[in-house]
Amino acid sequence: MPKYKDGNLTALAENRLKDWLRKKDPDVDELPSKEFFEEYNPAELFREGIDKRLCELGYAGSQENPKEKVAFLRAQFEKNKVAPVSNATLKNWLTRDAAPQNNQSGRENVFRLCFALEMDADQTARFMLKSYLCRPFNYKSTEEAVYFYCLLKGKGYADAQRIIELVKHAGHGMPEEDVYTKQIGEEIAAIRRESDLIDYLAAYTYPKERWHYSARQRIHKLLESCKKFARDDPLNDLSDWAAGVYVKEKPEVTSNDRLLDIIYNFKATDKVSDVYDLPEALQKNWVGKQTLYRVMDGKNVSDEVYRKTLMILFFYNFYADYYTANRQWYGEKEIDCRSVYGEFEEGLDELLESCGYVRSYKRNPFDWLIFFCAAAPDPIGRFRDLIESCYRKED
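From a predicted model like this one, the values you see are computed outputs, not experimental measurements.

Definitions and cut-offs
- Residues numbered from 1 in each chain as written.
- Predicted model: local features only at pLDDT ≥ 70, side-chain atom pairs only at ≥ 80, totals over all residues.
- Heavy atoms only, no water.
- Salt bridge = Lys/Arg side-chain N within 4 Å of Asp/Glu carboxyl O.
- Helix = DSSP H or I, 4+ residues; strand = E, 2+ residues; numbered from the N terminus.
- Buried < 20%, exposed > 50% of the residue type's maximum accessible area, 1.4 Å probe, protein only.
- Polar contact = N/O pair within 3.5 Å; in protein donor to acceptor, adjacent residues only side chain to side chain.
- Core = buried A, V, L, I, M, F, W, Y, C linked by side-chain atoms within 4.5 Å.
- Contact = heavy atoms within 4.5 Å.
- Expected span 1.5 Å × (residues − 1).
- 1 Å grid on protein atoms, 1.4 Å probe; cavity = no way out; pocket = protein on both sides within 12 Å on 5 of 7 lines; lining within 4 Å.
- Points joined across faces, edges and corners; volume = space filled by probe spheres on them.
- Nonpolar A, V, L, I, M, F, W, Y, C, P; charged D, E, K, R; others polar.

Participant: Requested: an account of the pattern of salt bridges, with residues and values cited.
Facilitator: On inspection of all chains with the given rule, the structure shows 23 salt bridges. Of the charged contacts, one joins Asp159 and Arg162 as a salt bridge, the two residues approaching to 3.4 Å between their closest N and O atoms. Within this pair, Asp159 and its partner Arg162 are both found in helix α8 (residues 157–168), separated by three residues, close to a single helical turn. The salt bridge partner of Arg384 is Asp233, with a shortest N-O separation of 2.8 Å. With a gap of 151 residues between them, Arg384 in helix α18 (residues 379–391) and Asp233 in the loop between α11 (213–230) and α12 (256–264) connect regions that are remote in the sequence. Like Asp233, Arg384 is buried. The structure contains a network of salt bridges with shared partners spanning Lys155, Asp159, Arg162 and Glu194.

Here it is in structure tokens:
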């Protein structure tokens, strides 16, 4: 899926990063405060996306009157024969910090919204990425694969529900091998006849535990690579100087728990809120130890968690590799990684795309955090400083 052209606000976020890249001596005092991330509030981005589409459809009412907007939306659902979303839900989306959750029920509601707002596949993908901050289509999900096909071919929500029922009753079997999610999307896009789509989806129906196969494979490889680099990380030090205990040889990093401790420079508990006052947009679905266990088991984990896990591991692996190759871990050379910022962005985007995700988006708060750190001379150091200096709660 392409990386979409940036709008004005996305370009502003990008320019902020370029400003830091150009500075000769970036100052640690410029670390963004918790309040800085409020302008990247997911609920606000979701409202902006709805408001923009309402105007495109001819809404002429007050932008400050939620009742008028809810009435317009309700009429759109009825006009396009889309299963309704409650008035309370619509009002919450338009008036409160209440963007839909990134779970199955939340995604279903957003797809209904896109059908009601008469979006095509490309517009839906943009809305899911830039307003909902989620992967547009999970092609291994029968429902989402059908939604993609219908939005692409100009079919409505009622058509989608009819096709989904036909697929369910088509008498399919379990695929023996996993196919990359991206490949399924490409093949669905090439299908012309509805009957061929039904046959195809009947042959490629996957249970939830096999939805993120490619992401788990890449995460497994990244974990092993990160552990090798983490052995030379200055934080991988079991010496206790106060007690007079000195460990000459740095120990191997063998566990995922230990690796996360080193990456974050703190005990990587899933209850990060106990110690750190992270902005809500960053704290949500934080990649902690139990979260990582669930990722590897493929159980009860959202798309967002897989995506964040891929990003944080790629970030550490990329720059730890660079530090090691240039002998920068121990200050043998002055660290300045800004020359490889473009290479990092390209590599991260290729990774996300290969796992069925859309490329990075600078108005996504987590993406912006990662790129803000990548724009520093010492990206891993900035990541640790940011968490420690800005968000640690007082004892």
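Participant: Just give me the short version of the environment of Thr89, but keep the residues and values in it.
Facilitator: Among the secondary structure elements, Thr89 is positioned in helix α4 (residues 87–95). Using a relative accessible area of 23% as the deciding quantity, one classes Thr89 as partly exposed. Considering only alpha carbons, one finds Thr89 and Asn109, 20 residues apart in sequence, at a separation of 9.5 Å. At 2.8 Å, the side chain of Thr89 forms a polar contact with the side chain of Ser86.

Participant: Quick rundown of the nonpolar core? Include the residues and the values.
Facilitator: Ranked by size, the top nonpolar core spans 59 residues in total, and within it Tyr319 and Phe344 carry the most contacts. Sorting the residues of this core by element identifies α11, α12, α14 (289–297), α15 (303–325), α16 (341–354), α17 (365–374) and α18 as the ones contributing at least two each. The biggest single contributor to this core is α15, with 14 residues. Those residues within four positions of Phe344 in sequence are excluded, and the remaining contacts are Phe314, Phe315, Phe318, Tyr319, Ile370, Phe371 and Ala374.

Participant: Talk me through α11; I want residue IDs and the actual numbers.
Facilitator: Over its 18 residues, α11 extends 26 Å from the first C-alpha to the last, a length consistent with the 26 Å expected when each residue adds 1.5 Å. Ser214, Ala215, Arg216, Ile219, Leu222, Leu223, Cys226, Lys227, Phe229 and Ala230 are the residues of α11 that are buried.

Participant: Hey, could you go over empty space enclosed by the protein for me, with residue numbers and the actual values?
Facilitator: Counted according to the given criterion, the structure contains one cavity of 30 Å³ or more. Taken as a whole, the largest cavity spans an internal volume of roughly 60 Å³. Forming the walls of the largest cavity are Leu129, Leu133, Cys134, Arg135, Arg307, Tyr357, Val358 and Asn364. Partitioning the lining of the largest cavity into residue classes produces five nonpolar, one polar and two charged.

Participant: Explain helix α6 (residues 121–130) residue by residue, including any values.
Facilitator: Judged by how many residues are buried, α6 sits mostly within the fold: seven of ten residues are covered. Buried within α6 we find Ala121, Thr124, Ala125, Phe127, Met128, Leu129 and Lys130. Looking at the buried positions of α6, the neighbouring elements they touch are α2 (42–56), α5 (104–116) and α7 (142–153). The N-capping residue of α6, defined by a side-chain oxygen 3.1 Å from the backbone nitrogen of Asp122, is Asp120.

So, to be careful, I would describe these as geometric facts and stop short of saying anything about function.
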